[in-house]
Amino acid sequence: MYRNIPKSAAFGLIGLVSVFGTVVTLNFSRDTILREEAWQTGMEFAGYLEKEFPMLDEVLDGTADSVGVEDELQRLASIGNIFHFAFENSKGEVKLSTGSFHPEEESGEASHHAHTHDNHESEIAHPQASVSEVHTDEHGTAMAEATHGGHEHDSASGHSHYIEHPHDANDIDSAATKPVTTAGHGPMHADATDHASNEDGYVHAPVPIAADSHDSAKHLLVIKSGDGINLPSTYVEIAHPMANSNGSLKGKITLLLDMSAEAALLDNVLTGAAATVLCLFLLAAAGPAWSYRSTLKAKKTADEKVHFLAAHDSLTGLLNRSSFVPLLEDSLSRQAGFALFFIDVDNFKYLNDTFGHETGDIILKTIALRLRKILGEKCLIARLGGDEFAAIQPDIGDLQQLDAQASRMVKELRNPIAAGGHSVVTSVSIGSAIAPQDGDDAIRLMKSADLAMYQAKAEGRDCNCHFEPWMDQKLAARREIESRLQWAVVNNGFELHYQPLHSSEDNALIGFEALLRLKKEDGTPIGPDQFIPIAEETHLIEKVGQWVLMRSCEFAAKWPNDLKLAVNLSGGQFKSGNLHAHVSEALKASGLDPARLELEITESLLIDDSKSNLEQLQRLKDLGVSIAMDDFGTGYSSLSYLWQFPFDKIKIDRSFMSGFENQTPQITRILETIIGLGHTLDMEITAEGVETSEQLKMLQEIRCDQIQGYLLGRPQSEAATIHNILQHKQKLAPQKEIGITAVTRKQQ
């Protein structure tokens with residue numbers, strides 16, 4: 001905006017210069033018009049006096065009858081607005097100086113008189129002013145020339161008249177106007193400070209007539225200003241030299257013309273013209289000025305909008321990450337004892353996919369409004385991205401205040417949201433940290449709040465958790481697992497172990513379940529419950545799952561044809577839509593009969609995206625493989641999934657076996673119900689986690705189809721699996737008939 005200030009200043013300066021130029025031009029025009037009018041009038045009177053005035057020679061000689069002369073001059077003065085006459089002879093001696101000015105307020109209208117005066121002394125002064133002299137050239141054309149009056153003349157006319165004393169070098173200001181007596185016919189005085197006092201105490205000053213004996217042959221025209229009381233507000237002094245028939249100087253006539261009325265009329269006209277010009281300029285400038293102002297305003301508005309959008313989230317109007325982090329750094333530098341909250345909407349992806357993106361946007365905007373209401377205007381609130389928010393709460397220095405505020409947010413944000421014709425219930429997981437103990441810089445403090453938020457999610461969501469130092473250790477362990485996963489994907493660093501499946505009827509071996517194993521660099525095992533979730537979060541699960549399918553199918557293809565392979569599938573493998581291709585590729589590359597492959601899923605897979613995942617499951621089933629529902633009896637255990645998709649097997653979760661010793665009757669009845677349901681739907685039933693003979697006996701009595709657990713076999717390496725197969729089959733036929741001799745030798 002400041003770059004436009006010089007443009008505005010230049011625009012205004014141009015306008016001021018234009019108006020000033022207009023005023024100067026009009027004022028010059030005014031003076032020109034007054035000069036021309038005064039010249040015409042004055043020269044007519046002066047010419048008349050020179051040629052027609054019968055007593056001119058007597059006046060110049062000083063022998064004229066003063067009464068007759070002044071009567072005639074008074075008559076002429078009333079016609080031509082002349083209020084003062086002065087006659088000089090060729091020597092520059094003033095022979096007659098008569099006349100006075102009567103302002104309008106004194107006589108009802110301005111009047112000008114030429115008076116007959118007695119002979120007495122008088123002093124006539126001329127102001128030292130710059131004037132315009134009008135000369136005549138050889139053709140008689142009037143010409144203006146600057147000159148200065150300043151000569152003294154003694155008057156001896158012996159007449160009484162009104163004379164003024166000017167207080168300004170250029171204009172005539174107020175002066176006392178009193179009768180004085182002219183003494184003799186000497187030259188007119190030019191000393192502006194020369195005054196005379198008579199016996200009545202009045203101050204007398206000479207009329208300002210610019211008479212100059214050295215310039216007697218020059219025409220002179222001077223426009224002057226008076227105070228309107230002693231002299232007209234505007235009057236003109238005209239000096240007209242007179243010549244004899246032989247061309248010599250005969251004398252000079254000086255006239256003072258009252259031009260007040262003409263000047264006032266011109267002032268009114270020219271003022272109106274100036275006002276019109278100014279209005280036209282303003283009107284002409286108004287359009288560009290308004291356009292310029294509108295442009296500046298629009299640019300300012302656009303700049304403000306750009307700055308706002310650059311610093312705020314376009315959906316919620318909250319601060320964005322790029323503007324929030326500097327404010328957090330500023331808060332750390334200025335104050336201590338404030339809290340940082342990280343707020344994440346639970347299962348937002350599910351809500352967004354289920355109800356649509358418009359509903360998802362309404363949910364995010366509603367949460368933003370509720371956060372503003374809960375935290376107040378003093379808090380800085382930001383949307384960091386997706387479904388994650390952050391807030392800086394000042395004046396919180398202890399855990400009790402922190403927990404109270406976080407619990408309030410969890411409670412308030414749990415209220416249903418009306419969106420898209422639905423009443424959507426949301427929950428949030430909140431992590432909190434206090435400055436500076438949980439972080440003395442923005443990065444460390446945000447990391448602490450983020451770790452606390454993920455811990456809240458790990459504890460079941462819909463809760464809040466404050467940062468504690470052990471969370472750093474958990475993060476370090478997680479990062480170690482992430483690093484080891486990356487290494488294992490590149491270097492085939494995974495291992496597969498196989499846990500046997502047995503028939504409950506005769507304990508016969510019927511197959512194996514492939515179980516993925518990962519070790520740390522020092523050989524310490526990493527549990528699948530630790531690295532599988534991380535593989536899903538880091539999107540490595542697809543590559544890991546593809547490796548498991550290929551490796552296990554290759555190994556199972558070398559088993560006897562009556563043994564089946566069970567492989568677990570992760571929900572992350574369904575997201576890309578490439579699972580069907582991966583299974584097909586593994587079967588084709590290994591040559592394994594699809595009927596010998598069993599794929600296990602959990603019901604959480606159907607909850608996340610049931611329609612898409614059910615379609616993919618159907619395509620897998622079309623390959624000829626069997627599909628099993630794993631960990632049945634935990635989570636929702638919705639029976640609707642059993643009829644929505646024709647599963648081939650149900651695997652009962654090991655938790656039922658864990659509670660068997662203490663609640664044998666109840667567990668038995670539940671298991672009997674599940675087994676009966678499965679058989680009704682033509683599904684096989686497998687019980688996991690069988691560790692005691694009592695559990696085995698109970699399962700056999702209620703007709704469970706298959707048994708898996710430590711009682712009959714632990715997960716084994718590939719070599720141990722081959723040995724297990726050999727031992728089991730030796731009871732049925734010689735080793736040459738088993739079909740795994742080559743495999744055994746190869747493993748040895």
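Residues numbered from 1 in each chain as written. Predicted model: local features only at pLDDT ≥ 70, side-chain atom pairs only at ≥ 80, totals over all residues. Heavy atoms only, no water.

Each helix and strand in the protein chain was counted, giving 22 helices and 31 strands. Within the protein chain, the proportion of its 748 residues that are buried is 45%. The contacts in the protein chain between residues at least 6 apart in sequence include a share of 67% that link residues at least 24 apart. Accessible area for the protein chain stands at about 36,900 Å²; split by element, carbon and sulfur atoms hold 52% of it. (Helix = DSSP H or I, 4+ residues; strand = E, 2+ residues; numbered from the N terminus. Buried < 20%, exposed > 50% of the residue type's maximum accessible area, 1.4 Å probe, protein only. Contact = heavy atoms within 4.5 Å. Areas by Shrake-Rupley, 256 points an atom, 1.4 Å probe, with all protein chains shown as cover.)

Here we take up the pattern of salt bridges. In this structure the tally under the stated criterion is 20 salt bridges. Measuring nitrogen to oxygen at the nearest pair gives 3.1 Å for the salt bridge that ties Lys 224 to Glu 237. Here Glu 237 lies in strand 14 (residues 234-243) and Lys 224 lies in strand 13 (residues 220-225), a separation of 13 residues in the sequence. Side by side, Lys 224 and Glu 237 carry an identical accessibility label, which is buried. Through salt bridges with shared partners, a single ionic network connects Glu 513, Glu 600, Lys 651 and Glu 688. (Salt bridge = Lys/Arg side-chain N within 4 Å of Asp/Glu carboxyl O.)

Further remarks concern the side chain of His 582. Counting through the fold element by element, His 582 comes out in helix 15 (residues 579-590). Other than its neighbours up to four places away in sequence, His 582 contacts Glu 542, Gln 546 and Leu 549.

Across the sheet, which stays open at both edges, the 5 strands sit in the order 17-18-16-21-22 with mixed pairing between neighbours. The open sheet has two edge strands, strand 17 (380-385) and strand 22 (464-466), and neither has a second partner. Direction aside, neighbouring strands of the sheet carry axes that sit 20 degrees apart on average. Where strand 21 (residues 428-435) meets strand 22, 3 bridges bridge the pair, whose relative direction is parallel. If you follow Ile 430 over to strand 22, its bridge partner there is Asn 464. The strands touched by helix 6 (residues 321-334) within the sheet are strand 16 (338-345), strand 17, strand 18 (388-393) and strand 21, with strand 17 carrying the most contacts at an inclination of about 135 degrees. (Pairing = 2+ DSSP bridges. Axes fitted to C-alpha atoms, helices over the stretch in contact; angles between N-to-C directions.)

Another point: the nonpolar core. Within the largest apolar cluster, 74 residues are counted, with the highest numbers of intra-cluster contacts made by Leu 565, Leu 597, Leu 599 and Leu 699. Looking at which element gives the most residues to this core, the answer is helix 13 (residues 541-556), with 9 residues. With residues up to four places along the chain from it excluded, the contact list for Leu 565 reads Tyr 498, Phe 512, Ala 514, Ser 552, Cys 553, Ala 556, Trp 559, Leu 592, Arg 596, Leu 597 and Glu 598. Counting residues in hydrophobic clusters, the runner-up holds 30 residues, among them Ile 363, Leu 375, Val 410 and Ile 417. (Core = buried A, V, L, I, M, F, W, Y, C linked by side-chain atoms within 4.5 Å.)

As a further point, take the packing of helix 7 (residues 348-355) against helix 8 (residues 357-375). The angle between the axes and the distance between the axes are what describe a pair of packed helices. Between helix 7 and helix 8, the least distance of the axes is 6 Å, while the angle of their chain directions is 135 degrees. Viewed along their axes, helix 7 and helix 8 adopt a mutual orientation that is oblique. Facing Phe 348, Leu 351, Asn 352 and Phe 355 of helix 7, the residues of helix 8 in contact are His 357, Thr 359, Gly 360, Ile 363 and Leu 364. Counted by class, the contact of helix 7 with helix 8 contains 5 nonpolar, 4 polar and no charged residues. (Parallel < 35°, antiparallel > 145°, perpendicular 65-115°, else oblique. Nonpolar A, V, L, I, M, F, W, Y, C, P; charged D, E, K, R; others polar.)

Moving on, we get to the packing of helix 13 against helix 15. At a minimum axis separation of 8 Å, helix 13 and helix 15 run at an interaxial angle of 25 degrees. In terms of their interaxial angle, helix 13 and helix 15 are classed as roughly parallel. Crossing geometry of helix 13 relative to helix 15 is assigned as right-handed. Facing helix 13, whose interface residues are Glu 542, Gln 546, Leu 549, Met 550, Cys 553 and Glu 554, helix 15 presents Leu 579, His 582, Val 583, Glu 585, Ala 586, Ala 589 and Ser 590. Tallied by class, the residues present in the contact of helix 13 with helix 15 amount to 7 nonpolar, 3 polar and 3 charged. (Left-handed = near helix turned anticlockwise from the far one by under 90°.)

What follows is about the sheet that holds strand 13. Strands sit in the order 2-1-15-14-13 across an open sheet of 5 strands; the sheet is antiparallel. Each of the sheet's edge strands pairs with one partner strand only, and the pair in question is strand 2 (94-98) and strand 13. In this sheet, neighbouring strand axes are inclined to one another by 15 degrees on average, regardless of whether the strands run parallel or antiparallel. Pairing between strand 1 (residues 82-89) and strand 2: 4 bridges, direction antiparallel. Considered in strand 2, the bridge of Glu 88 is made with Val 94.

Let us now look at the packing of aromatic side chains. Counted according to the given criterion, the structure contains 8 aromatic pairs. Ring plane angle 80 degrees and centroid distance 5.9 Å describe the contact between Phe 83 and Tyr 235, whose orientation is recorded as edge-to-face. Of this pair, Phe 83 sits in strand 1 while Tyr 235 sits in strand 14, placing them 152 residues apart in sequence. The class of Phe 83 is buried, set by a relative accessible area of 3%. Judged by relative accessible area, which is 0%, Tyr 235 ranks as buried. Here a set of aromatic residues connected by ring pairs shows up, and it is made of Tyr 498, Phe 512, Phe 555 and Trp 559. Stacked on the ring of Trp 487, the Lys or Arg Arg 484 has its end atom at 3.8 Å from the ring centre. Between Arg 714 and the ring centre of Tyr 710, over which it is positioned, the NZ or CZ distance is 3.9 Å. (Phe/Tyr/Trp six-rings, centres within 6.5 Å; stacked < 30°, edge-to-face > 60°. Lys NZ or Arg CZ within 6 Å of the ring centre and 35° of its normal.)

Below, the discussion takes up helix 7. Owing to its 3.6 residues per turn, the α-helix brings residues three or four apart onto one side. Those residues of helix 7 that fall on the buried side of the exposure criterion are Phe 348, Leu 351 and Asn 352. Projected onto a plane normal to the axis of helix 7, the buried residues spread over an arc of 95 degrees and lie on a single side. Contacts from the buried residues of helix 7 go to strand 16, helix 8 and strand 20 (422-424). Where helix 7 ends, the next residue or the one after it, Gly 356, has phi of about 100 degrees, a positive value. (Arc of directions from axis to C-beta.)

Moving on, we come to the side chain of Asn 613. Structurally, Asn 613 can be placed in helix 16 (residues 603-622). Once you skip the residues sitting within four places of it in the chain, Asn 613 turns out to touch Phe 574 and Leu 605.

Okay, the confidence of the model for the protein chain next. Chain-level pLDDT for the protein chain is 79 on average; 79% of the residues reach the 70-or-more range. By mean pLDDT, the top-scoring element of the protein chain is strand 26 (residues 564-568) (97), and the lowest-scoring one is strand 10 (residues 178-183) (30). Within the model, pLDDT remains below 50 along residues 106-110, and this stretch shows 9 contacts once partners closer than five positions in the same chain are excluded. The low-confidence segment residues 735-748 (pLDDT under 50) makes 24 contacts with residues lying over four places distant or belonging to another chain. (pLDDT = per-residue confidence, 0-100.)

Moving on: the pairing of strand 23 (residues 495-503). By the criterion of burial, strand 23 is predominantly enclosed, with 7 of the 9 residues buried. Two strands pair when backbone bridges link them, and strand 23 and strand 24 (residues 509-519) are joined in this way by 8 bridges, in the antiparallel orientation. Counted as the bridge partner of Tyr 498 is Ala 514 from strand 24. Adjacent in sequence and paired antiparallel, strand 23 and strand 24 are bridged by 5 residues, among which Asn 507 carries a positive phi angle near 60 degrees. Here strand 23 runs beside strand 31 (residues 706-707); their pairing, made up of 2 bridges, is antiparallel. Looking at the pairing, Ser 503 lines up with Gln 706 of strand 31.

Now for the environment of Thr 98. With respect to the secondary-structure elements, Thr 98 resides in strand 2. Considering only alpha carbons, one finds Thr 98 and His 84, 14 residues apart in sequence, at a separation of 5.7 Å.

What follows concerns unusual backbone geometry. Between Ala 435 and Pro 436 the backbone carries a cis peptide bond, its omega angle lying at 5 degrees. Along the polypeptide, Pro 436 turns up in the loop between strand 21 and helix 10 (442-458). Even without glycine at this site, His 539 takes up a positive phi of about 60 degrees. Phi is positive for Asp 682, close to 60 degrees, though the residue is something other than glycine. Summarising the element assignment, Asp 682 is placed in the loop between helix 19 (664-680) and strand 30 (684-687). Among the residues examined, Asp 682 registers a relative accessible area of 70% and is labelled exposed.

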